Amino acid sequence: MLRTAAVEEPEPFTVRLEPSHLHVVGTDTGAFDVIVDNRADDDGLPVEVAGRDPQRLVAFSFGHDRFVVPGGRATRVHALLRTTAPAPGTSASRPFSVVVSDGRREVEATGLVDVSAPADPITTARLQVHPATLSTQARRGVFAVDVDNRAGASPLTVRLSASDELGQARFAFSPGQVTVAPGQVARVQLAVDAPLPDGGTSRSRAVTVVASDAAGSVEGRATLTQSARDWRPVAKRWLVWLGAIAMIAGALLPWLDGQVVDLELVVTEAASGDEVAISIAAAVAATLLVALLALVMLLGLTGTGKQIRRSAILAALLGIGALIAQGQFRVDDAFVVTNGVPLILVGAVLGFVGGVLARPRAQG
């Protein structure tokens, strides 16, 4: 019996990927090589290359999708894969395979791509406000705001805003929007305009600065402390001194005008009941007492203002009393005591206002 020997199948070609495990970070593209090994056969091998992805999330591009592998040799073909990125800050593993076919056989090589998407830069950004506490005696204060993207893997574009706990301040950034490259820090100037507190007091307010984009926001905090100079003590001293000088000048004005009166005669006639003499004596006594009250008013500068106010009121009443006392006195060729009363009244008003300013400030 004649037997026919079985036809020996040639060794199949082989396929491998280099690398077969890809790591893609911050991009959607990875590169690898497909190596088709035909060293088991002496004849040239025409093949076709294709990629497969069970999840249908990977697309392939080959340098040559059809080529001939010479006998006894291996051929390397460059390939690219592109895949969709996972959610920011997460990673995913996606298996794939490359199939090489010669028309009769298919040889498959498997691979795996690990793709990682960096976190949104806003999630790793930091915001710092310098100085942490700003003290000023002016309405306006200036902070420096650092937008820190040193931990980010992509550019960060943020818009800046600010607020204060009292809701009274106005803010101006220069610039109001900034783009910070990965690994960098950008500095922005923040000007704050806020009402000053009452004179002689201070007020602190917390300032919150926010840098935000479509994905989120980051905050920084600082404190603005404002103090206002108390102008009341200075105004008090000036008003009381001016008032006292005016009162003394008003009391001495009749004497400074060169008018002469015989006080002894006035007193004698007043004692005998002469009404005119009595009026002159009362007017003279009232105006001279005003000068004494001016000195008492100056001594009240060290107190709470009550002594100043009382002295000013008494001086005004004495001035008015002098007018009344001399109201029926004919001034023709006579000693006019009341021509300094306007100065006395002005001085009394100034002193009284100074006494009001000398009062202790009410505690809020």
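Here the structure is a predicted model, which means the values were calculated and not measured.

Give a detailed account of the sheet that holds strand 10 (residues 126-130), specifying residues and quantitative values.
The sheet built from four strands is open, its strands ordered 10-12-16-14 with antiparallel pairing. The open sheet has two edge strands with one neighbour each: strand 10 and strand 14 (170-174). Between one strand axis and the next, the sheet turns by 25° as a mean value, whatever way the strands run. Bridge count for strand 14 against strand 16 (residues 185-193) is five bridges, and the pairing is antiparallel. Each residue of the ladder has a partner; that of S174, found in strand 16, is Q189.

Residues and numbers for the nonpolar core, please.
A general trend in soluble globular proteins is that nonpolar side chains are found buried together. L127, F143, V145, V147 and V209 are the most contacted members of the largest nonpolar core, which has 26 residues in total. Put simply, the parts of the chain that give this core at least two residues each are strand 10, strand 12 (140-148), strand 13 (156-164), strand 15 (177-180), strand 16, strand 17 (202-213) and strand 18 (216-227). Ranked by residue count, the leading element in this core is strand 16, at four residues. With sequence-adjacent residues up to four places away left out, V145 is seen in contact with L127, Q128, V129, F173, A186, R187, V188, L190 and V209.

Hey, could you go over the packing of aromatic side chains for me, with residue numbers and the actual values?
For the structure shown, the criterion picks out three aromatic pairs. Taking 5.5 Å as the distance between ring centres and 45° as the angle between the ring planes, the aromatic pair formed by F32 and F96 counts as tilted. Separated by 64 residues along the polypeptide, F32 in strand 3 (residues 29-37) and F96 in strand 8 (residues 91-101) bring together distant segments of the chain. With relative accessibility at 2%, the residue F32 sits in the buried group. Residue F96 is classed as buried on the basis of its relative accessible area of 3%.

Outline the pattern of salt bridges, supporting the account with residue identities and numerical values.
Under the definition given, this model contains 14 salt bridges. Measuring nitrogen to oxygen at the nearest pair gives 3.3 Å for the salt bridge that ties D28 to R82. Note that D28 is positioned in the loop between strand 2 (21-25) and strand 3 and R82 in strand 7 (residues 74-83), a separation of 54 residues in sequence. By relative accessible area, D28 is classed as partly exposed at 28%. The salt bridge partner of E106 is R52, with a shortest N-O separation of 3.4 Å. Separated by 54 residues along the polypeptide, E106 in strand 9 (residues 106-116) and R52 in strand 4 (residues 45-52) bring together distant segments of the chain. The class for E106 is exposed, based on a relative accessible area of 53%.

Conventions we followed
Residues numbered from 1 in each chain as written. Predicted model: local features only at pLDDT ≥ 70, side-chain atom pairs only at ≥ 80, totals over all residues. Heavy atoms only, no water. Pairing = 2+ DSSP bridges. Helix = DSSP H or I, 4+ residues; strand = E, 2+ residues; numbered from the N terminus. Axes fitted to C-alpha atoms, helices over the stretch in contact; angles between N-to-C directions. Core = buried A, V, L, I, M, F, W, Y, C linked by side-chain atoms within 4.5 Å. Buried < 20%, exposed > 50% of the residue type's maximum accessible area, 1.4 Å probe, protein only. Contact = heavy atoms within 4.5 Å. Phe/Tyr/Trp six-rings, centres within 6.5 Å; stacked < 30°, edge-to-face > 60°. Salt bridge = Lys/Arg side-chain N within 4 Å of Asp/Glu carboxyl O.

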